[in-house]
Each structure stands twice: as C-alpha cells, then as structure tokens.
Amino acid sequence: MAKVLVIADIKQGVLKGSTAELLSKAKSIGAETAVVAIGCNINMLIPNLVSAGSDTQYVADDPGLELFSAGPYASCVVDAAKKFDANLIWFGFSENSKALAPRVAARLDAACATEITDVMLSGDQIEVIRPAITNKVIQRVKVNTKKLVAVVRAGAFEATKGIAGTENVVKLSPPEQDLKALIKKILTDASGEIDLADADIVVSVGRGAKDLAGVNLVKELATDLKAGFGSSRAMVDAGLMAHNKQVGQTGKIVAPTLYVAIGISGAIQHLAGMNGSKVILAVNKDPEAPIFNVADYGIVGDLFEVVPILREEIKKIRH
Ligand SMILES: Cc1cc2nc3c(=O)[nH]c(=O)nc-3n(C[C@H](O)[C@H](O)[C@H](O)COP(=O)(O)OP(=O)(O)OC[C@H]3O[C@@H](n4cnc5c(N)ncnc54)[C@H](O)[C@@H]3O)c2cc1C
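Residues numbered from 1 in each chain as written. Predicted model: local features only at pLDDT ≥ 70, side-chain atom pairs only at ≥ 80, totals over all residues.

## Remarks on the packing of helix 3 (residues 70-84) against helix 4 (residues 95-108)
No. 1: The interhelical angle for the contact between helix 3 and helix 4, taken along N-to-C directions, is 50°, at an axis separation of 9 Å. If you check the angle between helix 3 and helix 4, you find them oblique. Considering only the axes of helix 3 and helix 4, their crossing is right-handed. The segment helix 3 lies against helix 4, with A70, Y73, A74, V77, V78 and A81 engaging A99, L100, R103, V104, R107 and L108.
No. 2: By residue class, the composition of the contact of helix 3 with helix 4 is ten nonpolar, no polar and two charged. (Axes fitted to C-alpha atoms, helices over the stretch in contact; angles between N-to-C directions. Helix = DSSP H or I, 4+ residues; strand = E, 2+ residues; numbered from the N terminus. Parallel < 35°, antiparallel > 145°, perpendicular 65-115°, else oblique. Left-handed = near helix turned anticlockwise from the far one by under 90°. Contact = placed C-beta atoms within 7 Å. Nonpolar A, V, L, I, M, F, W, Y, C, P; charged D, E, K, R; others polar.)

Below you can see the structure in the form of structure tokens.
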C-alpha cells in the first residue's frame, strides 16, 4: 500500500488549504496518509490536520522552529518520512518547499519532481505528470526510485469534504541547530494584502494600465472583490508593482477560482502562471490580444471605462 507523507503548509500559525488538497489526493489513490507539521505552538492545529484527512500526525513543535530554516525543517521531514516509511513525500507549492524538497530527496536517496499535476501508481511503480517548457509539453515521468519527493503545482488537486482521518500524534524531537545558516528574522510583506497563492480570486494588472493611477484603479477592483492583486512582468519591470506580485513563468503560479486579467496581452510567459485558473475574465482594448484565447469571458474595451462599470455592477450585486 502506498504511504503518503504530506508536509503541512503553515504560515503564521494558519494551516493553508494546500495541505487538505494533497491529503485528499492521497486518500483518493487509496494511500495510507500522514502529515508532518513543523513550527512553534502548533499543537492547536492537530484537529485541523485530522479533519483534513491524515491518519498520523508527526509534530515538531519547538521554539527553535519558529522561523523557517531549510536545514532543520528538512531534518524534521526526513525524520517523519523514515518513521512513517513513506514512499511518497508531497509538498504544496511555496518558496519554502522549493528549498526543502531537494534537501529531503537527497537525504532519503529519493527522486525529486517539481510542478507535478498528477501521480499514478501501479504496484511499486510511480509515474507523475508535469507540464514543462512553459506548459508547451506535458511530461509523463516514470520514477526509477522506490521513493519520490514531489512538489505539487498550486490548484492541481481539490480538497474533498468528509475524509477526516484519525488522531495519532507522534512528537518529533527538535533537530540540532543548523549553524551553517542561522535565520535571525523573517522580513514579510507588511502590506496586509491577500497572498496570491491563497486567493480564491486574483485580479492582475498589465501595461495597459499605464501608470500608478491606472494601477490604483485596478487595485480598487481587487479590493472590492476581496481578491489577491497581481501583475504582469511588464508592470514589475516598470517599477509599478513589487516582484512578489508577478504572475507567470518567472513569478508565481496561481490557480484561483476566478482570474481577472486587466490590460494584459497574454504572453506565453504570463499564461504559464495563470492558465490553470478555473474561470478567466480578460479586459483588453485589442480584440486580437492572445489573452482572449484562454479567457472564458472577454470584454473588449478601454480598461479606464470598463473597470469603473465593473466596480459599480459588483457593488450592486454585493449590497
Ligand atoms: C524569460 C522570460 C520570462 C518572463 N516571465 C514573465 C512572467 O513571469 N510573467 C509575465 O507576466 N511576463 C513574463 N515575461 C514577459 C512577457 O513576455 C511579456 O512581455 C509580459 O507578460 C507583457 O506584459 P503585459 O501583458 O502587461 O504588457 P503588453 O504585452 O505590453 O500588453 C499590454 C496590453 O494592454 C492592452 N491595453 C493597452 N491599453 C489598454 C487600455 N486602455 N484598456 C485595455 N487594454 C489596454 C494592450 O492591447 C495589450 O494587449 C517574461 C519574458 C521572458 C523573456
């Protein structure tokens, strides 16, 4: 029987949705499930880890683990993977998992696959599906090791309700301090804005918005929709948006329920970051803009006229 260990994605004490998505997928392939949670004062998350579908909860709760540090965190994951004898070790997509996955794979002598969108098991044989070359090809990869460490693409799996597991908590001893890299402080985005990776709706702004006044106009639409606010690279390069807001091949990959692209042409590198969205709405004054090839709904028009109308209509529906 396959044994899947999911690494709980915890940010500032909150369990992120990707944990339940990965556990749901593990259950759907008939695997035995466990989760590893790492941090400080995280015991109160145990009921959430159980209701998300885990049958065993490995918990490394220690003041030394309050701040993310790849070395000690990887040691905790490896410890849990060995104790559980996991053959599949799954991370949701995040900056932290990009740092952890290769370390864990090297220590477990396992294969490492990133950006996976599906996993197939046949006896001991593991195969994964992953898009590559900005989604131009879909690879089906046969894994030649007994164990696989995988980073799953955002939104690849859906969380199912009613698959609660059983509470079986195993405490992990804190790892030794990693003196090669001592993290003193984590500087986070203090803007209080909704994280793009977690947002159910993302509104992104492109070069069509021209300047800061245009950016602020589109940002108001994002605020009305309680959406994450993203952008194309053109706006980041122009210094109008921060790099952590960039969606695309060299930015973030998002897969929200609704993606709204305002004044974005739809270059292949941008599409690579958002074409997994469930519904795409595009506003562009050029009817030939490539974004309309992937959009479910398109509005051909000047964003400076269209966005205020959209805001008015949304207000009417919401009140
Ligand atoms: C290696 C590499 C990596 C890259 N990675 C990324 C990435 O991660 N993310 C990314 O986004 N890009 C990336 N790019 C850049 C990408 O190729 C495009 O240049 C970029 O996405 C274009 O941004 P844009 O759509 O905002 O601008 P443009 O392509 O200039 O499009 C602006 C659009 O706005 C429309 N418009 C103009 N005025 C209005 C108006 N008043 N009302 C409505 N519509 C209007 C225009 O019709 C046009 O379609 C990468 C490029 C390379 C080479």
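## Description of the domain arrangement of the protein
No. 1: Here the protein is described as being made up of domain 1 (3-171) and domain 2 (196-318).
No. 2: Between the C-alpha centres of domain 1 and domain 2 the distance comes to 31 Å.
No. 3: Facing nine residues of domain 1, the contacting portion of domain 2 comprises eleven residues.
No. 4: Along the lines of polarity and charge, the residues of the side of domain 1 that touches domain 2 split into two nonpolar, five polar and two charged. (Domains from an automatic or database assignment.)

## Structural notes on unusual backbone geometry
No. 1: For E115, which is not glycine, the phi dihedral falls at a positive 60°.
No. 2: Here E115 shows up in strand 7 (residues 111-116).

## Describing the site of the ligand
No. 1: Taken together, 27 residues surround the ligand, and among them G206, G208, S232, R233 and G248 come closest.
No. 2: Those elements that provide at least two residues to the shell around the ligand are helix 6 (233-237), helix 7 (268-271), strand 16 (279-284) and helix 9 (303-318). (Near = placed C-beta within 6 Å.)

## A few points about the sheet that holds strand 13 (residues 201-205)
No. 1: A sheet is described by the order of its strands in space; here five strands give the open sequence 14-13-15-16-17, paired in parallel fashion. This sheet does not close on itself; its edge strands, each paired only once, are strand 14 (228-231) and strand 17 (297-300). Strand-to-strand, the axes of this sheet are offset by a mean angle of 15°, without reference to chain direction.
No. 2: With five bridges connecting them, strand 15 (residues 258-262) and strand 16 associate as parallel partners. Residue pairing in the sheet places V260 in a bridge with L281 of strand 16.
No. 3: On top of the sheet, helix 5 (residues 212-224) reaches strand 13, strand 14 and strand 15; it is set at about 175° to strand 13, its chief contact. (Pairing = 2+ DSSP bridges.)

## A few points about helix 5
No. 1: Taking 1.5 Å per residue, 13 residues should reach 18 Å; helix 5 reaches 18 Å between its end C-alpha atoms and fits that length.
No. 2: What helix 5 keeps buried is the set G214, V215, V218, L221 and A222. The buried residues of helix 5 occupy an angular sector of 115° when projected down its axis, which confines them to one face. Residues of helix 5 that are exposed and point more than 90 degrees away from the buried face comprise A213 and N216.
No. 3: Buried-residue contacts for helix 5 involve strand 13, strand 14, helix 6, strand 15 and helix 9. (Expected span 1.5 Å × (residues − 1). Buried ≥ 20, exposed ≤ 12 C-beta atoms within 10 Å, placed from the backbone. Arc of directions from axis to C-beta.)

## What to know about the environment of S173
No. 1: In this structure, S173 sits in the loop between strand 12 (169-171) and strand 13.
No. 2: Taking the number of C-beta atoms within 10 Å as the measure of exposure, S173 has 10 and is therefore exposed.
No. 3: Taking the C-alpha atoms as reference, S173 lies 43 Å from T223; in sequence the two are 50 residues apart.

## Some details on helix 3
No. 1: For helix 3, which comprises 15 residues, the first-to-last C-alpha distance of 21 Å matches the rise-based estimate of 21 Å (1.5 Å per residue) to within 8%.
No. 2: Listing the buried residues of helix 3 in full gives P72, Y73, A74, S75, C76, V77, V78, A80, A81 and F84.
No. 3: In this structure, the buried side of helix 3 is in contact with strand 1 (3-7), strand 4 (32-39), strand 5 (56-61), strand 6 (88-92) and helix 4.
No. 4: Once helix 3 finishes, D85 follows within two positions and takes phi at roughly 55°, a positive value.

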